[in-house]
Structure formats: C-alpha cells, structure tokens
Amino acid sequence: MKRNEKKTVKIIFGFFLLGSGIFLFLSFFSFLYHWKNDQSQLEKLFDKEIIAENLLGKIGAIVSHYFIHCGIGISSFFIPILFFFTGLKIILNKKLLNNFYKSTIYKLLFFSIWLPIFFYVIVPNQGIFSGIFGFEIGNYLIHLIGKVGLYILIFTSIIFYLIIIFRIRTLTIKNVMKKKIQNINKKIDVKLNFLNTKIINKPEMDTSFSQDKNILHSILYKKKEDFSSIDLKIDLESNKKKITQILNYYNIEISEIKASIGPTITLYEIYPKIGTRISKIKNLKNEIALNLSAISIRIIAPIPGKGSIGIEIPNYKRYTVYMQDILFSEESNKKSHKMELPISLGKTVFNEIFIVDLAKMPHLLIAGSTGQGKSVGLNIMIVFLLYKKNPKDIKFILIDPKKVELSIYKKISKSYFAILPNSIEPIITDLHEVKNILNSLCKEMDQRYAILEKYKVRNIKEYNNVKYNKHHLPYIILIIDEFADLNMNNQKQIETYITRLAQLARAVGIHLIIATQRPSVDVITGLIKSNFTARIAFKVSSKIDSRTILDCTGAEQLVGKGDMLFSNRNELIRLQCPFMELSDIKKIVDFYENKKNEYFFLPEPDM
C-alpha cells in the first residue's frame, strides 16, 4: 500500500508541474504584449474595479513581472519549459528520458545566464529582454572589463559552449557505434562457440528464443567430464564373483549376471534359473551388502519389463551429473522437443537422461529429509522450464515459507510469474497470503473452463491452437517448497484448495509441484496422494516415510545428495538429480531478467 501511495503522490506532483509550466508560459507570453498597461496597476491587486489584460489575470501579471522584469528577462521562458519536462518525466517514469532531461537542464542553465547579459549588450534600451539580472550583471562586467571585454567574453563563451556540445555528441555517437560493433562480435563469437561445441539444438519457431539458448549455452558451458575416464574404483568382475559365491552358498543358481555403471550406483542384473524363488534372493540383502562391503544395497525383484533381478550397489566415487550437460545435449532436445512442459529429473542407472512431461503427469509430489536434494531438484525443474519455454507460454507461482530457497527468482517475476493484483512480493512467503493465492488460482481455473466451453475445446493446448481466439493462455505452475509449514495453519482450507486444483486444473494448464521434508500422513493425506500419482522420494529416515510417499519401501536405502526414486503409476525408477551451482543459477536468472513481458495478474481473491 505504501508503494501505491508514493506512486499516487508522484503522479499528482507531476501533473502539478505540467499545469504550472503551462500557466507560466501563457502568463509570460501575454506579458510581452500587455506589460506596459498591467505594470502600473500591480499595486492595486485587490481592487475589483481594476482588470488586468494578462491572459491569466492579475496573478499572471504579477508572476510575469517578477520573473521577467525583476528577474532574468526573456530567459524566464526556460522555467515553464523546465517544469513541463520535469512533470512529463515523473508521470511517464521512463528511463529513456533521463539523458535528454539532463542535457536540457544544462542547456537551460547556461542560456538563463548568458542570454540576459547578451541582450543587455545588444539592446540595452529593451529592459524586458535582459531583466534586472542582466542589467546589473552586465553593468558590473562593463565596469570590470570594459564594453569590448564584455563583447569578447560573450562571444568566446558561446563558442566554447558549442565546441563542448559538438564533442559530447561526437563521443556519444562513437560509444553507440562501439556498443553495436561489440554486440555483433559477441553474436559471432556465440555462434562460433556453439558450432565448435557441436551441440545441436532443435529448430524453434521463435528465432530470438533459439538465439537466446545459444547465448545462454556460451555463458554456462563447462567442459564435460568424460564418464568413462573417471576412476570409479569398482572391480566389476570381482563384485560379480562375490555375488555369485553368496548365491551359490545358499543354493541359488543363476544363468547370467550383467553390470551397468550409473552416476551414483552400479546395477547388477541377475538372471536366475527357472524355479528359483525370488524371495530367497530378497532375503539375502544384508549378506550381499556385507560381502561387498557396501554402505547399503537395494534389491529390485524383479526389474519391471525384464526377466532379471536387480542389485543396486553405491559407487565408491560418485559421478556428478551437471545440469549444463543435460540442458545442451542432443539427447535432451530429442526427448523434450514434443513435450508441453518438459522437466529433467536427472540420469538413470543406465546413464540415460530422464525427462518427463509435467503436462501429462499432471502434478508432482516431492518428499525427502533435510539436505537430501529437494530444493536443488526444484531449482533444476525451474531452470529447465525457463530454458525450454517462452515467458508467454509459462508462468510460475512460488510459495516459499522458508523465505530463502526461491528468493533468487525475484528478478524474473515480471516475465515469468503469475501474481495477485496489487501484490507487493512476487514470491509468497507470508502464510496468511497463501489462502488468497490459492483462492485466486481456483478462480482462474474456473474462468479458464468457461473460456474452453465457449470455444468448444477440451484443453489448453487445443485452445491455444485456435487461430481466432483473443488471448493466449500460458501454463501456470504452482510450486510449494515446504508444504508441511502451510498445514500448520488453516490445514483444512489449504488442503481443500490443493485437492480441488489437483482434481480439476490439469485441462486448463495449471499444474502443481509440492515438496515437503515431513512425509507424514497428517501432511500428505490420502486425499492429496490420490491426486498426485507422480511422486519423487529423496532419502528418508524410515520405511514408514518411504511408504507414505511411494506406497513402498526403498527411499530409506538411498545414499543421499540427489539420489532419488521416481514413482509414476506403479513404475519406480531410480535417478540421480542433476547439480547446478548457485552462481550458475544466478547467471540464468540475470539472463532472463531482461525479457520484456508484462505481469500476468490472477483474479482478485474472495475476501
């Protein structure tokens, strides 16, 4: 509210200056024609029988007399001009006017002093041109340096002034040309770097957006680590023999064993002979871990879609999955170019990039203990969407009760955020405002359904493809960083809004990503879980937490630092979440800060 009040006061002051400028200009202009008649009647200001001939009446005549006759003469016209431009600058609030405004002030100040003296020397009998200021200063200078000296001073000063103005303009033109040349060189360097790195991007419909990708690539690109050259200190053959020995000791025969090295773990696929009971292998988990000196192992029995049993063993030295390698890879572009809302979750145990379409999921629930990678995962999803989608196609609503995890994205709020009207903070950190934003989002959902009904289409994708529609509807992604904190207050109301959005919002392009570090049944209720079929579990402390988020155990056996399980419609996949340094995220945010888009306002919430 304070910001709006200040803005209102500024606008009122701006209009006051505009009006004052027009008033003074008309008064001064009329004074040039009527000053002789009006000047003799100035002392009779309150006499009703006396009528001033000035267009602005007695006040105009008095103001003009003091500014022109008693002041700086004809140079007084600069004052209303200055008032007018100042008021215009305040009202329009355009930074582009700054340079013009400054240069205008300097010129007016110079001529306000130079012209009165000039007119006193050229036309000394016309006091209205020089005013008392010009008369007094000119007279003093004549006594000081003589009339010839004053002539020399006047003409040399105007020559120096013109030289300075000419040099400033020349330097300005040179600087502009230098910047243009530098920008052209940068674009050429970006294209050369882009070709040298041999990163092939899919052609986009928006060429400027595609060019932005290339520039961002040059900013963030780092030399990739060669995964094959990293010493993982794993003797695959030795581990295979140890696994086989343990199984043979317990009379379990296998026909084949294979190994796949992933970023975090190595997956050993065991193909048991016919008649082998799977439960016998699952019960040997601790014995296998002891024999391999592993921190923890996870047994997948059987691996979905394969006739094998998987044993996942953590690597001694982990391979860091960098987000840059995923963003700029050909594999990533091939997998994501047909998706509406692609998000990269990392790499699989087979070292393949894993990308899902949030539009099809359609919502995502994330849980994990503190420090296991939830916030990093959220940042990765946001960055990937920023890279893949235009600001006109996607808007975020960020709810961050911890106040620090998502604050880095404030700079791009104008281009990429959906906010409430008259909102002070683009990122919701006050728990009392959460109810309003969720209520407003439900109203936005209802309005969108009315639009779809009007145009007789089934979803947002079909609507945006209709050529004759008036407004393009962007996807809206609601991200909550710590859902447990919201449930402390107004639990039932918050849960009602979340459930309603999760049940209905998919068709109109509203999707939810909710994260929590406390995956208990009072936070992730059965009603919420039933509407969030896609879930991610980072390392949790107990089997109970794992069952709460995934409906099965396994998350308690993860090794942390981005190691996670992704569950979607009974399909469970182990992934390594990518890592991105905070400095690189800041570079991306700074890069997208310059996108020229207006705020996307949600409807007013119900009070």
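Residues numbered from 1 in each chain as written. Predicted model: local features only at pLDDT ≥ 70, side-chain atom pairs only at ≥ 80, totals over all residues. Heavy atoms only, no water.

Side note on the packing of aromatic side chains
Here is step 1: Counting across every chain of the model gives 7 aromatic pairs.
Here is step 2: Measuring from ring centre to ring centre gives 5.9 Å for Tyr416 and Tyr592, while their planes differ by 85°; the resulting arrangement is edge-to-face. Remark: Tyr592 occurs in helix H20 (residues 582-592) and Tyr416 occurs in helix H13 (residues 413-416); sequence separation between them is 176 residues. Accessibility classification places Tyr416 together with Tyr592 in one group, the buried group.
Here is step 3: A centroid spacing of 5.2 Å and a plane angle of 85° characterise the contact between Phe591 and Tyr592, whose relative ring orientation is edge-to-face.
Here is step 4: Exposure remark for Phe591: the relative accessible area of 17% places this residue in the buried category.
Here is step 5: The class for Tyr592 is buried, based on a relative accessible area of 1%. (Phe/Tyr/Trp six-rings, centres within 6.5 Å; stacked < 30°, edge-to-face > 60°. Helix = DSSP H or I, 4+ residues; strand = E, 2+ residues; numbered from the N terminus. Buried < 20%, exposed > 50% of the residue type's maximum accessible area, 1.4 Å probe, protein only.)

Some details on the pattern of salt bridges
When their charged atoms lie close together, side chains carrying opposite charge are able to pair.
Here is step 1: This structure, assessed with the given rule, holds 22 salt bridges.
Here is step 2: Between Glu237 and Lys240 there is a salt bridge, with its nearest N and O atoms 3.8 Å apart. With Glu237 and Lys240 both in helix H7 (residues 236-249) and 3 residues apart, the pair spans about one turn of that helix.
Here is step 3: Taking the relative accessible area as the measure of exposure, Glu237 reaches 48% and is therefore partly exposed.
Here is step 4: One salt bridge in this structure joins Glu312 and Arg298, with 2.8 Å as the shortest N-O distance. In this pair, Glu312 sits in strand S4 (residues 309-314) while Arg298 sits in strand S3 (residues 298-300), placing the two residues 14 residues apart along the sequence. Just as Glu312 is buried, Arg298 falls in that class too.
Here is step 5: Overlapping salt bridges bring together Arg298, Glu312, Asp563 and Arg574 as one network. (Salt bridge = Lys/Arg side-chain N within 4 Å of Asp/Glu carboxyl O.)

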